[in-house]
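# Commentary on secondary and tertiary structure
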Amino acid sequence: MLKQHVPALLLITFLTAIPVWRYWQTFSTPTDIAHYEQLYANSQYVLGEASPHKIDDSEVYIYAGYTYIRGDDPTAVNFEHTPLAKYFLGLSYLVTGNSVLFNIPLYFGTLALLYILSLRVITRKWIAYLVVFLVGTLKLFYLNVAQGMLDLPNLFSALLFFVVLTTDSLQPRTARKTAGKYIALGIILGIFAGTRYPFPLISLLLAPLFIWAYAKKELAFV
């Protein structure tokens, strides 16, 4: 089963290597948290309009992730977005000393989920390969791998949601499997909502969920 997807795995590995090569300096250098702490202390979040430096989203998320993982109150720094993805950045820093290093396997996983979902919708492998290649070579997309943004974990959880939602189209359904699937979908929805402010984006997942459950006569499990 895995052998038939080897070309896709090689393609995804190649595409993942692009941001690693382009931003190797970022990934190979330990994150200077003191620098981000100084940026935050002199930013608009602390000094308001009088701040000499307007800290950008990536910078504040990296610093927020660091404060969260050390046990600080998540509402003290960047309460505007839910904290889960920022905890992920903080965990990356705690384990590796680099706040964005964990984005590399997350990017690989995102492309893999895109391939799986494309294959289910399109069925022709070469088109699925093309979809993954076109997305994976977009600088606007792979630029996120080297930044502390929330978009990548948010996209990963959204793709995972749709992959899990469509699994029953490929295997026999039982009450136990169906219940397990909807429990998993509930957990994934929680992850999606925990990565960034969920409204109104979560409606893009809830609507397909109820439509799918209605079409499959599974509303009792939702």
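In case you missed it, the structure is sitting above this.
These notes cover the structure that comes with them. Quick caveat, the model's predicted, so the values are computed rather than measured. (Residues numbered from 1 in each chain as written. Predicted model: local features only at pLDDT ≥ 70, side-chain atom pairs only at ≥ 80, totals over all residues. Heavy atoms only, no water.)

## Side note on the overall build of the protein
Across its full length, the protein carries 12 helices and zero strands. Reported as C-alpha extents along the three principal axes, the dimensions of the protein are approximately 60 × 40 × 30 Å. Of all intrachain contacts in the protein linking residues separated by at least 6 positions in sequence, the fraction that spans at least 24 positions is 65%. When the accessible surface of the protein is summed, it comes to about 12,000 Å², and 69% of that surface belongs to carbon and sulfur atoms. Of the side-chain charges in the protein, 16 are positive and 12 negative, and the distance between the mean point of each set is 22 Å. (Helix = DSSP H or I, 4+ residues; strand = E, 2+ residues; numbered from the N terminus. Contact = heavy atoms within 4.5 Å. Areas by Shrake-Rupley, 256 points an atom, 1.4 Å probe, with all protein chains shown as cover. Lys, Arg positive; Asp, Glu negative; His and termini not counted. Charge placed at Lys NZ, Arg CZ, Asp CG, Glu CD.)

## Some points on helix α8 (residues 125-136)
In this model α8 runs 16 Å from its N-terminal to its C-terminal C-alpha over 12 residues, within 8% of the 16 Å that 1.5 Å per residue would give. Taken as a whole, α8 has its buried residues at Ala128, Val132 and Gly136. For α8, the arc enclosing every buried residue in end-on projection is 60°, short of the 170-degree limit, so these residues lie on one face. (Expected span 1.5 Å × (residues − 1). Buried < 20%, exposed > 50% of the residue type's maximum accessible area, 1.4 Å probe, protein only. Arc of directions from axis to C-beta.)

## With respect to the packing of aromatic side chains
Per the counting criterion, the structure on display carries 11 aromatic pairs. Judged by centre distance (6.4 Å) and plane angle (50°), the ring pair of Tyr23 and Tyr142 falls under tilted. Here the residue Tyr23 occupies a position in the loop between α1 (6-22) and α2 (24-28), and Tyr142 occupies one in helix α9 (residues 139-142), the gap between them amounting to 119 residues. On the accessibility criterion, Tyr23 (16% relative accessible area) is buried. Owing to a relative accessible area of 5%, Tyr142 belongs among the buried residues under this scheme. (Phe/Tyr/Trp six-rings, centres within 6.5 Å; stacked < 30°, edge-to-face > 60°.)

## Side note on the pattern of salt bridges
If charged atoms from side chains of opposite charge come close, those side chains can pair. For the structure on display, the rule yields three salt bridges. Between Asp72 and Arg70 there is a salt bridge; the shortest N-O distance is 2.8 Å. With relative accessibility at 30%, the residue Asp72 sits in the partly exposed group. As a salt-bridge pair, Glu218 and Lys181 come within 3.6 Å of each other at their nearest N and O atoms. Here Glu218 is found in the segment after α12 (203-215), whereas its partner Lys181 is found in helix α11 (residues 175-195), with 37 residues between them in sequence. Each member of the pair, Glu218 as well as Lys181, carries the same accessibility label: buried. (Salt bridge = Lys/Arg side-chain N within 4 Å of Asp/Glu carboxyl O.)

## Considerations on the nonpolar core
Counting 45 residues, the largest nonpolar core has Phe27, Tyr107, Leu111, Tyr115 and Val132 as the members making the most contacts within it. Elements represented by at least two residues in this core include exactly α1, α3 (33-41), α5 (57-69), α6 (84-96), α7 (103-122), α8, α9 and α10 (151-165). Those residues within four positions of Tyr107 in sequence are excluded, and the remaining contacts are Leu15, Thr16, Pro19, Gly136, Phe141, Tyr142, Val145 and Leu152. Among the nonpolar cores identified, the runner-up in size contains 14 residues, and Ala158, Phe161, Tyr182 and Leu209 belong to it. (Core = buried A, V, L, I, M, F, W, Y, C linked by side-chain atoms within 4.5 Å.)

## Thoughts on the environment of Leu11
Structurally, the position occupied by Leu11 is in helix α1. A relative accessible area of 18% means that Leu11 is categorised as buried.

## Looking at the packing of α7 against α8
Running from N to C, α7 and α8 point in directions that differ by 145°, and their axes come no closer than 9 Å. In the packing of α7 onto α8, the handedness of the crossing is right-handed. Touching Tyr107, Leu111, Leu114, Tyr115, Ser118, Leu119 and Ile122 of α7 are Lys125, Ile127, Ala128, Tyr129, Val131, Val132, Val135 and Gly136, all from α8. Tallied by class, the residues present in the contact of α7 with α8 amount to 12 nonpolar, two polar and one charged. (Axes fitted to C-alpha atoms, helices over the stretch in contact; angles between N-to-C directions. Left-handed = near helix turned anticlockwise from the far one by under 90°. Nonpolar A, V, L, I, M, F, W, Y, C, P; charged D, E, K, R; others polar.)

## Some remarks on α11
An α-helix turns once per 3.6 residues; consequently, residues spaced three or four apart project the same way. Taking 1.5 Å as the rise per residue, α11 with 21 residues should run 30 Å; its terminal C-alpha atoms sit 31 Å apart, in good agreement. Within α11 the residues assigned to the buried category are Thr178, Lys181, Tyr182, Leu185, Ile188, Leu189, Phe192, Ala193, Gly194 and Thr195.

Interpretation note: all reported values are geometric properties and have no functional meaning in isolation.
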